[in-house]
Amino acid sequence: MSAITLRGPVRVVVRQHRWALWIMGVLPVLAIVALVGAWLWTEHVVDSFAASGCSVMHTTPDCGDTVDAYLDRQLWMQKVLNWSGPLMMVLPALVGMFVAGPVIARELESGTYKLAWTQSVTPARWLTAKLAVPTVVTLVSVSVLSAVCDWGRTRENAVHEASQWYFRETYVSIGTVPLGYALCMLALGALAGLLLRRTVAAMVVTVLAYVPLVVVLNHVRDGLWPTARLLGNGPLGDGSWLIDSGMLTASGQTVHWTDCGGSGAAVEPTNCLRELGGVTDFADYHPASHFWPLQLVETGILLALAALAVALAFRVLRRRHG
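Being a predicted model, the structure only gives us computed values, none of them experimental. (Residues numbered from 1 in each chain as written. Predicted model: local features only at pLDDT ≥ 70, side-chain atom pairs only at ≥ 80, totals over all residues. Heavy atoms only, no water.)

Participant: Residue-level account of the sheet that holds strand 3 (residues 254-256), with values.
Facilitator: The strands making up a sheet associate through backbone hydrogen bonding, with each pair oriented either parallel or antiparallel. Taken in spatial order, the four strands line up as 1-4-2-3 in an open sheet, and their pairing is antiparallel. Two strands lie at the open edges of the sheet, namely strand 1 (228-231) and strand 3, each paired on one side alone. On average, each strand axis in the sheet is inclined to that of its neighbour by 40 degrees, with strand direction left out of account. For strand 1 and strand 4 (residues 278-286), the ladder comprises four bridges, and the chain directions are antiparallel. Across the sheet, Leu231 pairs through a bridge with Phe282, a residue of strand 4. (Pairing = 2+ DSSP bridges. Helix = DSSP H or I, 4+ residues; strand = E, 2+ residues; numbered from the N terminus. Axes fitted to C-alpha atoms, helices over the stretch in contact; angles between N-to-C directions.)

Participant: Which residues make up empty space enclosed by the protein, and what are the values?
Facilitator: Applying the stated criterion across every chain yields a total of one cavity of 30 Å³ or more. By volume, the largest cavity amounts to about 40 Å³. Together, Met88, Met89, Pro92, Val172, Tyr181, Tyr210 and Val214 line the largest cavity. Mapped onto the lining of the largest cavity, the elements with two or more residues apiece are helix 3 (64-110) and helix 8 (199-220). Residue composition of the lining of the largest cavity, by class: seven nonpolar, no polar and no charged. (1 Å grid on protein atoms, 1.4 Å probe; cavity = no way out; pocket = protein on both sides within 12 Å on 5 of 7 lines; lining within 4 Å. Points joined across faces, edges and corners; volume = space filled by probe spheres on them. Nonpolar A, V, L, I, M, F, W, Y, C, P; charged D, E, K, R; others polar.)

Participant: So what about unusual backbone geometry? Which residues, and what values?
Facilitator: In this structure, Arg197 takes a positive phi of about 60 degrees despite not being glycine. Looking at where Arg197 falls in the secondary structure, it is placed in the loop between helix 7 (177-196) and helix 8.

Participant: With reference to specific residues and values, describe the pattern of salt bridges.
Facilitator: The full count for this structure, using the stated rule, is three salt bridges. With a shortest N-O distance of 2.7 Å, Arg221 and Glu298 are connected by a salt bridge. Taken together, the residues Arg221 in the loop between helix 8 and strand 1 and Glu298 in helix 10 (residues 291-321) connect sequence positions 77 residues apart. Exposure class is identical for Arg221 and Glu298. Each is buried. (Salt bridge = Lys/Arg side-chain N within 4 Å of Asp/Glu carboxyl O. Buried < 20%, exposed > 50% of the residue type's maximum accessible area, 1.4 Å probe, protein only.)

Participant: Describe in detail the layout of surface pockets, supporting the description with residues and values.
Facilitator: The calculated volume of the second largest pocket comes to roughly 210 Å³. The wall of the second largest pocket is formed by 16 residues, among which Leu81, Asn82, Ser84, Ser163 and Thr170 lie closest to the centre. Mapped onto the lining of the second largest pocket, the elements with two or more residues apiece are helix 3, helix 5 (123-154) and helix 6 (168-171). Its residues assigned to classes, the lining of the second largest pocket comprises six nonpolar, seven polar and three charged.

Participant: Summarise the packing of helix 3 against helix 7; cite the residues concerned and give the values.
Facilitator: Between helix 3 and helix 7, the shortest axis-to-axis distance is 7 Å and the interhelical angle comes to 25 degrees. Considering their axes alone, helix 3 and helix 7 lie roughly parallel with respect to each other. Between helix 3 and helix 7 lies a crossing of right-handed hand. Contact residues: helix 3 offers Met88, Pro92, Ala93, Val95, Gly96, Val99, Ala100, Ile104, Ala105 and Leu108, while helix 7 offers Pro178, Tyr181, Ala182, Met185, Leu186, Gly189, Ala190, Gly193 and Leu194. Grouping the amino acids of the contact of helix 3 with helix 7 by side-chain chemistry returns 16 nonpolar, three polar and no charged. (Parallel < 35°, antiparallel > 145°, perpendicular 65-115°, else oblique. Left-handed = near helix turned anticlockwise from the far one by under 90°. Contact = heavy atoms within 4.5 Å.)

Participant: How would you summarise helix 3 if you had to cite specific residues and measurements?
Facilitator: Given a rise of 1.5 Å per residue, 47 residues ought to cover 69 Å, and the 64 Å separating the end C-alpha atoms of helix 3 matches this to within 8%. Maximal helix bending in helix 3 amounts to about 35 degrees, located at Ile104. The positive-phi residue at the C-terminal boundary of helix 3 is Gly111, with phi of around 85 degrees. (Expected span 1.5 Å × (residues − 1). Bend = angle between axes of the 7 residues up to and from the residue.)

Here is the structure:
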């Protein structure tokens, strides 16, 4: 029943913003095609190099051009992957700007929303339709793009050492976190548009709100899930994210390498820690198995902020327009 009720307003939103919505949908598709195409081309070069019998470590004169082509392809593919992370970090800000400016603030600024509200469309239904359409486009495009980025990361060993899952650019481009950021910025953009009612101002404020959000969550990310602790000098395991290390005293207190900063360069760090009472090494870390708990907690925070922003947006709408 609700889908039938929203059909009219949703259709209007699609017609009003069809070009922007097309761009929102097409750009991720182009990025997906470009990334997959780059991988296929790179793997072709890798397979050709493997079949050539040449070696990077022991290059012969006959293999010079083949090795150069292989190394150039590795470097090029690494640059492509390095750029995919920052682009995924920018995408949520673009989503928020689109909703804050063209979708919400422009109609309030120009007064065209009044026509919609005289056609048996309540302000609440108007805002619901304005949010529903970009939400669906965002869910589909960001989810698929994130999945392709994850696919690319798992195949990264084909050309060079894979980036670790906890690297900032990698972490925000895979899993559920990219979707959480995009939906959060969509909601914040709607709130900014309703509060400011000016297109450019709403877009600028939305982008400015994104910066501290990213900075704060990057700063607290390692504390969103309890770390594991390793005692002694054993290996942490593949894909482990080292958070803290040092030594434990007999009473269980921690002493850190930074505690030896004033002891002088001549003092060996381990001996310094032992002088401070350290009896065994420790390392606090997130194993690779903590990827999904960390992702889901951060995504939950972002979705909670999105829900709060949407609730405030509807409250602002009711106060101003009944």
